[in-house]
Every structure is written in structure tokens, then in C-alpha cells.
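If you want the building blocks of each chain, they are given just below.
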Amino acid sequence: MSMRYVLTTAGLLAAALSMPIAASAQSSPASASGVVPGPAATAAPIELAGVKYDGTVEVAGQKLQLNGAGIRYKAIFKVYTAGLYMNAKATSPEAVLANTGPKRMHIQMLRDIDGEELGKLFTKGMEQNATREEFGRSIVGVLRMSEIFVQKKKLKTGESFGVDYIPGTGTVVFVNGQLIPGEPIKGEDFFNVLLKIWLGKSPADSDLKVALLGGGKAAPASNRNAAGSSR
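Residues numbered from 1 in each chain as written. Predicted model: local features only at pLDDT ≥ 70, side-chain atom pairs only at ≥ 80, totals over all residues. Heavy atoms only, no water.

## Quick notes on the nonpolar core
Moving on, step 1. With 40 residues, the main nonpolar core has Tyr80, Phe122, Met126, Phe161 and Trp198 as its most contacted residues.
Moving on, step 2. Examining the composition of this core, we find that eight residues originate from one element, helix α6 (residues 189-199), more than from any other.
Moving on, step 3. Formed by 16 residues, the second largest nonpolar core is a distinct cluster that contains Leu48, Val51, Leu110 and Ile166. (Core = buried A, V, L, I, M, F, W, Y, C linked by side-chain atoms within 4.5 Å. Buried < 20%, exposed > 50% of the residue type's maximum accessible area, 1.4 Å probe, protein only. Helix = DSSP H or I, 4+ residues; strand = E, 2+ residues; numbered from the N terminus.)

## Concerning the environment of Arg137
Moving on, step 1. Tracing the backbone through its elements, the reader meets Arg137 in helix α4 (residues 132-137).
Moving on, step 2. Note: C-alpha distance between Arg137 and Asp189 (52 residues apart in sequence) is 7.1 Å.
Moving on, step 3. A polar contact is formed between the side chain of Arg137 and the side chain of Asp189, at a distance of 2.7 Å. (Polar contact = N/O pair within 3.5 Å; in protein donor to acceptor, adjacent residues only side chain to side chain.)

## Focus on the environment of Leu66
Moving on, step 1. Relative to the elements of secondary structure, Leu66 occurs in strand β6 (residues 62-74).
Moving on, step 2. Among the residues examined, Leu66 registers a relative accessible area of 0% and is labelled buried.
Moving on, step 3. The spatial distance from the C-alpha of Leu66 to the C-alpha of Asn87 is 8.8 Å, given a sequence separation of 21 residues.

## Quick notes on the pattern of salt bridges
Moving on, step 1. The final tally for this structure, using the stated rule, is eight salt bridges.
Moving on, step 2. Put simply, Lys120 and Glu116 hold a salt bridge, and the shortest N to O gap is 3.9 Å. Highlighted residues: Lys120 and Glu116, both in helix α3 (residues 115-129), separated by four residues, approximately one helical turn.
Moving on, step 3. Classification of Lys120 as buried rests on a relative accessible area of 15%.
Moving on, step 4. A relative accessible area of 34% places Glu116 in the partly exposed class.
Moving on, step 5. Among the ionic pairs, Asp189 bridges to Arg137, the shortest N-O distance being 2.7 Å. With a gap of 52 residues between them, Asp189 in helix α6 and Arg137 in helix α4 connect regions that are remote in the sequence.
Moving on, step 6. For Asp189, a relative accessible area of 34% gives the class partly exposed.
Moving on, step 7. Residues joined in a network through salt bridges with shared partners are Glu116, Glu117 and Lys120. (Salt bridge = Lys/Arg side-chain N within 4 Å of Asp/Glu carboxyl O.)

Rendered as C-alpha cells:
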């Protein structure tokens, strides 16, 4: 796979990260750092478009809580649900990225999506939100994610993929609950660069960013296009 391909601007799905309906886990007021202290067992489950996000999951032997979840829209069409799990509630991007514990990002499709285009779109989002140095350090992971989606060819309605960060191991990818074979993507840099697609300075959509941080309200239907990113 050439670097020229990896850095190609997304076409078909460029607007797929348009508008989410935000939903958030129940939480306590945040501290000044954006981290809410307390055990991970306090989050409430959330159901979005028939997709249930449990309040807690286990990753690498640790119980993680649902930090926030939302629905992605393209115009009036539901595209996917997304949920972020962490070992402590975080209400700011800085707090999420500074947390060195295990994390999980889970996405479930509400529409069919071409795998190759999804890989391009994710690459575009990472490149736009990372510094040149961060992106360079993450290039092995960027190539790996692109290859996974090219091989998958299409993610159909009801299918899912998840990305787990495991301290000391790296990042692993699941498709429909099945671990993708191969070595984990080493280091924490790649997972944080991936999260910046949704939580970075130029997020795919500002409303979904708020939703994954556990807060916010749904944008009115008439304002969805205005609120969404042009990507």
C-alpha cells in the first residue's frame, strides 16, 4: 500500500461523519482537570437506535465505564453509533488523551459502508488532527487500519468494529467481536491519534465530540447540516 493511497482524501464517505444525536452516561460533576474521580461501576447503559452500550465492559482485566455515546447522521440518515469506554470519567479531550489506562472505542454500523472508503476517511481524520510528528510516529498503525478495512471490503448494517488500547501491549482491533490476527499496534501514540478523529482540534463533528465526552444535547434536525463538519 503506497503512502499516496493512505493520504488520499476520503470521497464517498466524506460527509458520513455529519451529525450525531448525543447521549451520555450518568456522571458526577467534573474536576478542573476534566476527570471525574470514583469507581468505574457507576455508568448507566445507553441504547441508541436499537444498539445497547453497556455501562461497563472489561478490557485487559480492568472494568471500564461508558464515557459517552452518540449516533452519527448523514443529513437525516443514521450512519453508525459510537461509544467510548475508559477507567475514569473524562469530560475533556485533554483528560481522555492523558489517561494512560486501557480504553475502548466501539462503533456499530446503521448503514452499509465501503471498507476502503472508511479506511481513507479515518486516515484523513487522523492526519488533520495530529501534528506531523504524531502522525509520523503512528504511520504503522495508520497503514494497518487502512489494510484491515480494505480487506473487509464492506461493513454492513449491524456489523461492528472496536479498537482497544491495552497498556504494555498496544492497540488491537476487533471486527464483529473477533480479534483481527496479527501483532498489536505498539505504543500509545496511535490510539490517541485515532481518538483525535472525534476528539481533536478539528473533529469529524463537534456534537459527537461532546457526546463522547459524556454531555451535550441533540442538535435540532433542521440544524444538522450546519452543525456538522464539511469532511
